[in-house]
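# Residue-level structure breakdown
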Amino acid sequence: MSTDIRTVVVLGAGTMGSQIAAVAALAGYTTALVDIRQEQLDHARAQLRSRLDRDVEKGRRTRADVDAAWEQLTLTTDRDAVAASADLVIEAAVEDLKIKRSIFAELDRVCPPHTLLVTNSSNIVSSRVADATDRPEKVCNLHFFNPALVMACVEVVPHETTAPETVDAATAFVESLGKTPVRLKREVPGFVANRLLNALRREAVGLY
């Protein structure tokens, strides 16, 4: 585990959020997966159990590792209770800027001063939510790829006022998950992977 991050909260129990939470729990972090709807959490639990059990059956993971991860993982609708002790919060909520800004403002009030607040979005860059907090230097993007349990790449993207210490901590966290961080020096729309994908798509359409 990263020595500075021990407790992780993931907001949003959709496909990305639930798998990011599972990745953190598998890496040994005390992890909470949060959603506003209990039925979404129940669905996430069932999907994760199915996927992780299949990994065990296929020999990709050991039963001991999966059982240990479930011991580390909590699923809850009580965001503020778990955010109050979080070292890192990963937002994977709906792609709506107004909602994300509201979430970051609320997290800023609830989380301890040292907590890093990151968004998994590749469409909404962190500079657009950082100023909703009083800790913009502790805000950045951590862009996981789908499916997060499988894909190794994670883009680490600071905005203009992200502190170097935040980028270092986020990078170390990604590495502790067994992932490969791609660390950008500055914030650009689409980051690296989506910019390449969009360029390839434009070329393909042009050729057609």
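A quick note: this is a predicted structure, and the numbers were derived from the prediction, not measured.

As a further point, take the overall build of the protein. Within the protein one finds eight helices and eight strands. Computed over the C-alpha atoms, the radius of gyration of the protein is 17 Å, within 12% of the 17 Å expected from 2.2 N^0.38 for a compact globule of 208 residues. The buried share among the 208 residues of the protein stands at 48%. Look at the contacts in the protein between residues 6 or more apart in sequence, and 65% of them connect residues 24 or more apart.

Time to look at the pattern of salt bridges. Counted under the stated rule, the structure contains 12 salt bridges. As a salt-bridge pair, Arg63 and Asp53 come within 3.2 Å of each other at their nearest N and O atoms. Of this pair, Arg63 sits in helix α3 (residues 63–72) while Asp53 sits in helix α2 (residues 38–57); the two residues are 10 residues apart in sequence, bridging distant segments of the chain. Classification of Arg63 as partly exposed rests on a relative accessible area of 37%.

Spatial strand order, β3-β2-β1-β4-β5-β6-β7-β8: eight strands in an open sheet with mixed pairing. Of all the strands in the sheet, the pair left with one neighbour each is β3 (73–76) and β8 (180–183). Looking at each pair of strands side by side, their axes are set apart by 25 degrees on average, direction ignored. Here strand β1 (residues 7–11) pairs with strand β2 (residues 30–34) via five bridges, running parallel. Considered in β2, the bridge of Thr7 is made with Thr30. Docked against the sheet, α2 engages β2 and β3, running at close to 150 degrees with respect to β3. Its contacts with the sheet place helix α5 (residues 97–110) against β1, β4 (88–91), β5 (116–119) and β6 (139–144), and it is angled at close to 170 degrees to β5.

Let us now look at unusual backbone geometry. Geometrically, the link from Asn146 to Pro147 is a cis peptide bond, its omega value of 0 degrees lying close to zero. In this structure, Phe191 is a non-glycine residue whose phi angle is positive, near 55 degrees. For Phe191, the position within the fold is in the loop between β8 and α8 (193–207). By relative accessible area, which is 1% here, Phe191 ends up buried.

Right, let's talk about the side chain of Asn141 for a bit. With respect to the element layout, Asn141 can be found in strand β6. Assessed through its relative accessible area of 0%, Asn141 is described here as buried. Side-chain polar atoms of Asn141 contact the backbone nitrogen of Ser126, separated by 2.7 Å. Apart from the residues lying within four places of it in its own chain, the contact partners of Asn141 are Thr119, Ser121, Ile124, Val125, Ser126, Glu155, Val156, Val157, Glu187 and Phe191.

The rules we used
- Residues numbered from 1 in each chain as written.
- Predicted model: local features only at pLDDT ≥ 70, side-chain atom pairs only at ≥ 80, totals over all residues.
- Heavy atoms only, no water.
- Helix = DSSP H or I, 4+ residues; strand = E, 2+ residues; numbered from the N terminus.
- Rg over C-alpha atoms; globule rule 2.2 N^0.38 Å.
- Buried < 20%, exposed > 50% of the residue type's maximum accessible area, 1.4 Å probe, protein only.
- Contact = heavy atoms within 4.5 Å.
- Salt bridge = Lys/Arg side-chain N within 4 Å of Asp/Glu carboxyl O.
- Pairing = 2+ DSSP bridges.
- Axes fitted to C-alpha atoms, helices over the stretch in contact; angles between N-to-C directions.
- Polar contact = N/O pair within 3.5 Å; in protein donor to acceptor, adjacent residues only side chain to side chain.

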